[in-house]
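# Overview (structure and organization)
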Amino acid sequence: MRFGKYNITAIQQSLAQKLLNAILKPHWIVLFTLSLSAFCWVLPDFFGFYKGFEEYEAIDGVGIIFVFSWYFLFIFLTYLGFSLGKRFPKIKDTDQIVSIETGKIYYIYSLLALVGFFYTVYVTLKVLGLSGFIYSIVSFTTNRIAYAIYQDYSIGIFSLRYIIIISFGWALYRLLILGKRNWVDLLNIVCFVFYIAFFGRRLQLICSILVFIALANRHQSLFSHIKISRFYWLMLFGFVMLSVATLLRNYGSYSDMGYSNPITAVLSNIISYLAAPFQVSLGVGNNAFDAFRGIEYRTYTDVDTTLTANAAFSEMIVREGVIALFKVNIWATFFGFLGGWLASNKNNYLYTGYPIILYAFAELWRIDLFTKGIFFTLLGTSIGVPLFYFLAIFLFRKRYIRYT
């Protein structure tokens, strides 16, 4: 019996590893997230979950072919760029100077992240006051907390709060894979949990877990370092955090719609969030000529007005017209190439940029993240910090050798 159980666990672990290895590539993660959106769209209505629309968009032959062609070309060019990037030469000596085994770069990430986090909390409390902050939590309106900083927002220190995504992913990696723990790791984890729960940044939670998983699986051997049961516990932790952030942010709205059960409200929110972009993509595909002329998709597609991120496919075409066809495929080739090159840096901190690019590809089903400030902040920090550190050490050594 024991032997049988061991075999089942081994098979399960092997299959999970193969699936994970596939998903953690830019071209496949696009297909994976798109498939999740399509799956939620086709869920039967008798489950009772709100999908973000009332009337299904028709699956028109021309429309579905247009949508399929868009994604097929994007995935193919991403694969091509990724394959070329993996073959591109690495920077000499990066594995020694910014080795992934050293903690120095991690501490720089953490310092930047904590400065941004505490500054954001300070300004939020200054705007809302402690009583307003607490009221937003108990009244399930933490949107007020999330938007408080935008009353006097400027790019700068506020943007550093995003870096807690990186520092949290690294803290989990150090804790669960390397077995290291200190007060910096604890502070990163506590601040991140606070940030996700009360600022409602749910997708940043997913990005940070992706950072951890990519780091832990950089040699495609995650489940040799962590038991699959512990991995499931990590996913459960992610779902609990997602649920808390969702309830504190949206439970009032879903309660008004008749969802008295908190778990049902969370699931309905997730399903509507996933299904709506596929609905809009079909709508744009079915009305491609109108979309290319810049006619807003809400005029011919049924979708809830509160849902604003409804596929990069639809929003780029409506906003940019034919140019979008060229632009999105430039993103595919360039960032696919950069992702491939960063993925080849498995033994140094430049690899930290890989899950950031991976996440941007994963978000394509709902938004063009490649042009957003959060993406440039995370990508610039993840590869900029180790590059600047590398150059500083390299130039110092060169000067030292010259004068000795």
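Each value, and the rule that gives it
- Residue positions are given per chain, counting from 1 as you read along its sequence in written order.
- Confidence filtering applies because this is a predicted model: local features only for residues at pLDDT of at least 70, side-chain atom pairs given and counted only at 80 or more, and all residues used for totals across whole chains, interfaces and linings.
- Hydrogen atoms and water are omitted, and side-chain values are computed over all heavy atoms in the structure.
- We define a nonpolar core as any set of buried Ala, Val, Leu, Ile, Met, Phe, Trp, Tyr and Cys residues linked to one another through side-chain atoms lying within 4.5 Å.
- With a 1.4 Å probe rolled over the protein chains alone, any residue whose accessible area is under 20% of its type maximum counts as buried; one over 50% counts as exposed, and the rest are partly exposed.
- Only heavy atoms matter for contacts: two residues are in contact if any of them lie within 4.5 Å across the pair.
- Here, axes are lines fitted to C-alpha atoms. For helices the fit covers the stretch in contact, and angles between N-to-C directions go from 0 to 180 degrees.
- Going along the chain from the N terminus, every DSSP run of H or I of four or more residues is numbered as a helix, and every run of E of two or more is numbered as a strand.
- Should the near helix be turned anticlockwise from the far one by less than a right angle, the crossing is termed left-handed; should it be turned clockwise, right-handed.
- In this classification, Asp, Glu, Lys and Arg are treated as charged, Ala, Val, Leu, Ile, Met, Phe, Trp, Tyr, Cys and Pro as nonpolar, and every other residue, Gly included, as polar.
- The rule for a salt bridge is simple: a side-chain nitrogen of Lys or Arg has to be within 4 Å of a carboxyl oxygen of Asp or Glu.
- Note on patches: the residues involved have over 30% relative accessible area and no salt bridge, like charges join within 9 Å, and the nonpolar side chains Val, Leu, Ile, Met, Phe, Trp and Tyr join within 5 Å.
- Here the Shrake-Rupley method, with its probe set to 1.4 Å, supplies the accessible areas, and only the displayed protein chains count as covering residues.
- Only Phe, Tyr and Trp rings take part, Trp by its six-membered ring, and two of them pair if their centres are within 6.5 Å. Stacked means planes under 30 degrees apart, edge-to-face means over 60, and tilted covers everything else.
- In this analysis, the expected span of each helix is defined as 1.5 Å times one less than the number of residues it contains.
- Nitrogen and oxygen atoms within 3.5 Å of one another constitute a polar contact, given that in protein one can donate a hydrogen and the other can accept it, and given that sequence-neighbouring residues count only through two side-chain atoms.
- Only protein atoms enter the 1 Å grid used here, on which a cavity is any set of points holding a 1.4 Å probe that cannot leave and a pocket is any open set flanked by protein within 12 Å on both sides along at least five of seven lines; residues with an atom within 4 Å of a point are listed as lining.
- Grid points are joined across faces, edges and corners, and a volume is the space filled by probe spheres set on the points.
- For this count, His and the chain ends are skipped, Lys and Arg are scored as positive, and Asp and Glu as negative.

## What to know about the nonpolar core
- Of all hydrophobic cores here, the largest spans 123 residues; its most connected members are Trp170, Leu222, Phe335, Leu342, Phe370, Phe375 and Leu379.
- When near neighbours in sequence (up to four residues on either side) are disregarded, phenylalanine 370 contacts Phe74, Trp331, Phe335, Ala360, Phe361, Leu364, Phe375 and Phe376.

## Brief notes about the packing of helix α2 (residues 26-42) against helix α16 (residues 353-362)
- Viewed as axis vectors pointing N to C, α2 and α16 meet at an angle of 35°, and their least axial separation amounts to 8 Å. As for how α2 packs across α16, the hand of that crossing is right-handed. The residues of α16 that touch α2, namely those facing Pro26, Ile29, Val30 and Thr33, are Tyr354, Leu358, Phe361 and Ala362.
- Counted by class, the contact of α2 with α16 contains seven nonpolar, one polar and no charged residues.

## Here we look at the side chain of serine 314
- The residue serine 314 is located in helix α14 (residues 312-320) in this model.
- With residues up to four places along the chain from it excluded, the contact list for serine 314 reads Val280, Val284 and Tyr297.

## Describing unusual backbone geometry
- Notably, aspartate 93 is not glycine yet its phi reads approximately 75°, a positive angle.
- Among the structural elements, aspartate 93 can be located in the loop between α3 (61-87) and α4 (94-97).
- If you check the backbone angles, glutamine 220 has positive phi at about 55° while not being a glycine.
- Along the chain, the position of glutamine 220 falls in the loop between α9 (202-216) and α10 (222-225).
- Given the relative accessible area of 42%, glutamine 220 is considered partly exposed.

## Re the environment of isoleucine 270
- Mapped onto the secondary structure, isoleucine 270 falls in helix α12 (residues 262-286).
- On the accessibility criterion, isoleucine 270 (22% relative accessible area) is partly exposed.
- The spatial distance from the C-alpha of isoleucine 270 to the C-alpha of lysine 51 is 8.8 Å, given a sequence separation of 219 residues.
- Residues contacting isoleucine 270, with those up to four places away along its chain left out, are Phe239 and Leu242.

## A few points about the pattern of salt bridges
- Applying the stated rule across the entire model yields eight salt bridges.
- Arginine 174 is the salt-bridge partner of aspartate 185, the closest N and O atoms lying 2.8 Å from each other. A residue pair is termed long-range when its members are at least 10 positions apart, and aspartate 185 in helix α8 (residues 183-199) and arginine 174 in helix α7 (residues 164-178) qualify at eleven residues.
- Looking at aspartate 185, the relative accessible area reads 2%, which means it is buried.
- Residues arginine 366 and glutamate 363 are paired through a salt bridge, measuring 2.7 Å at the closest nitrogen-oxygen approach. An identical accessibility class is assigned to arginine 366 and glutamate 363; each is buried.

## Quick word on a nonpolar patch on the surface
- Taken together, the side chains of Phe68, Phe72, Leu73, Phe76, Tyr79, Leu80 and Leu84 present a nonpolar region at the surface, about 740 Å² in accessible area.
- Along the chain, leucine 80 turns up in helix α3.

## Structural notes on the packing of aromatic side chains
- Within this structure, the stated rule accounts for 33 aromatic pairs.
- Taking the centre distance of 5.2 Å and the plane angle of 80° together, the rings of phenylalanine 53 and tyrosine 56 count as edge-to-face.
- For tyrosine 56, a relative accessible area of 31% translates into the label partly exposed.
- Ring centres 5.4 Å apart and planes at 80° place the aromatic pair phenylalanine 335 and phenylalanine 375 in the edge-to-face group.

## Quick word on α8
- Compared with an ideal rise of 1.5 Å per residue, which puts 17 residues at 24 Å, α8 spans 23 Å between its outermost C-alpha atoms and is within 8% of the ideal.
- Taken as a whole, α8 has its buried residues at Val184, Asp185, Asn188, Cys191, Phe192, Tyr195, Ile196, Ala197 and Phe199.
- Sitting at the amino-terminal end of α8 is asparagine 182, which places a side-chain oxygen 3.0 Å from the backbone nitrogen of valine 184.

## Side note on empty space enclosed by the protein
- Scanning the model with the defined rule gives one cavity of 30 Å³ or more in all.
- Ile100, Glu101, Thr102, Gly103, Trp170, Arg174, Leu178, Lys180 and Tyr349 together form the lining of the largest cavity.

## Section: the packing of α8 against α9
- As a packed pair, α8 and α9 sit with axes 8 Å apart at the nearest point and diverge in direction by 145°. Of the residues in α9, those touching α8 at Phe192, Tyr195 and Ile196 are Gln204, Leu205 and Ser208.
- Of the residues in the contact of α8 with α9, the class split is four nonpolar, two polar and no charged.

## Topic: the environment of glycine 103
- Within the secondary structure, glycine 103 is located in the loop between α4 and α5 (104-138).
- Separated by 71 residues in the primary sequence, glycine 103 and arginine 174 place their C-alpha atoms 9.5 Å from one another.
- Discounting residues that sit within four places of it in the chain, glycine 103 has contacts with Arg174 and Tyr349.

## What about the side chain of aspartate 368?
- As for its placement among the helices and strands, aspartate 368 is situated in the loop between α16 and α17 (373-402).
- Arginine 319 provides the closest opposite charge to the buried, unpaired aspartate 368, separated from it by 4.3 Å.
- Setting aside residues up to four positions removed in sequence, aspartate 368 forms contacts with Ala312, Met316, Arg319, Lys327 and Trp331.

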